[in-house]
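Descriptive structure summary
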Amino acid sequence: NLVTTTRDLVRRVGSNGHLIITDFHPHNLLAGMRTSFVHGETKFYIPNFIHLPSVYVKLTSEEGMNLVEFHETGHVDGYPQMPATISVVFRRDGS
């Protein structure tokens, strides 16, 4: 549950603290790609759920955090314009 998880993470961020969230880019999931890794000769698939970056921003801002950085990085073989990951950085301003 993204709402519960995000609230739990934000609650642990202190005054002037940062929260960094990275994820497989949702464009890749929408294109039917799956996250996986190979160990030995076995390929393992990781379950994914599509969460748009705007949802992360909405949930964290509702908990008093501000977006300070947003990055789309990496590349996907065969899709030169499609980033592989997103990284978002939020800050809780202290008083």
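Just so it is clear, the model here is predicted, and its values are computed rather than measured.

The rules behind these values
- Residues numbered from 1 in each chain as written.
- Predicted model: local features only at pLDDT ≥ 70, side-chain atom pairs only at ≥ 80, totals over all residues.
- Heavy atoms only, no water.
- Core = buried A, V, L, I, M, F, W, Y, C linked by side-chain atoms within 4.5 Å.
- Buried < 20%, exposed > 50% of the residue type's maximum accessible area, 1.4 Å probe, protein only.
- Helix = DSSP H or I, 4+ residues; strand = E, 2+ residues; numbered from the N terminus.
- Contact = heavy atoms within 4.5 Å.
- Pairing = 2+ DSSP bridges.
- Axes fitted to C-alpha atoms, helices over the stretch in contact; angles between N-to-C directions.
- Arc of directions from axis to C-beta.
- Polar contact = N/O pair within 3.5 Å; in protein donor to acceptor, adjacent residues only side chain to side chain.

Where a protein is soluble and globular, its nonpolar side chains tend to be buried together. Counting residues in each nonpolar core, the largest one holds 11 residues, listed as Leu2, Val10, Val13, Leu19, Ile21, Tyr56, Leu59, Met65, Ile86, Val88 and Phe90. Of all the elements in the fold, those that place two or more residues in this core are α1 (2-11), β1 (18-24), α3 (53-62) and β5 (85-91). Looking at this core, the element that brings in the most residues is β5, giving three residues. When sequence neighbours within four positions are dropped, the list of residues in contact with Ile86 reads Ile21, Thr22, Asp23, His25, Pro26, Pro53, Tyr56, Phe70, His71 and Glu72.

Moving on: the sheet that holds β1. Sheets are built from strands that pair by backbone hydrogen bonding, the pairs being arranged parallel or antiparallel. Pairing in this open sheet of three strands is antiparallel, and the strands run β1-β5-β4 from one edge to the other. Here the strands that pair on one side only, and so sit at the sheet edges, are β1 and β4 (66-73). Mean inter-strand twist for the sheet, computed between neighbouring axes without regard to direction, equals 15 degrees. One ladder, built from seven bridges, connects β1 with β5; its direction is antiparallel. Within β5, the residue paired with Thr22 across the bridge is Ser87. Contacts from α3 reach β1, β4 and β5 within the one sheet, and its direction differs from that of β5 by about 15 degrees.

All of the buried residues in α1 are Leu2, Thr6 and Val10. All buried residues of α1 lie within an arc of 60 degrees about the axis, which places them on one face of the element. Looking at the buried positions of α1, the neighbouring elements they touch are β1 and α3. Near the N-terminus of α1, the side chain that reaches the backbone nitrogen of Val3, with its oxygen 2.9 Å away, is that of Asn1.

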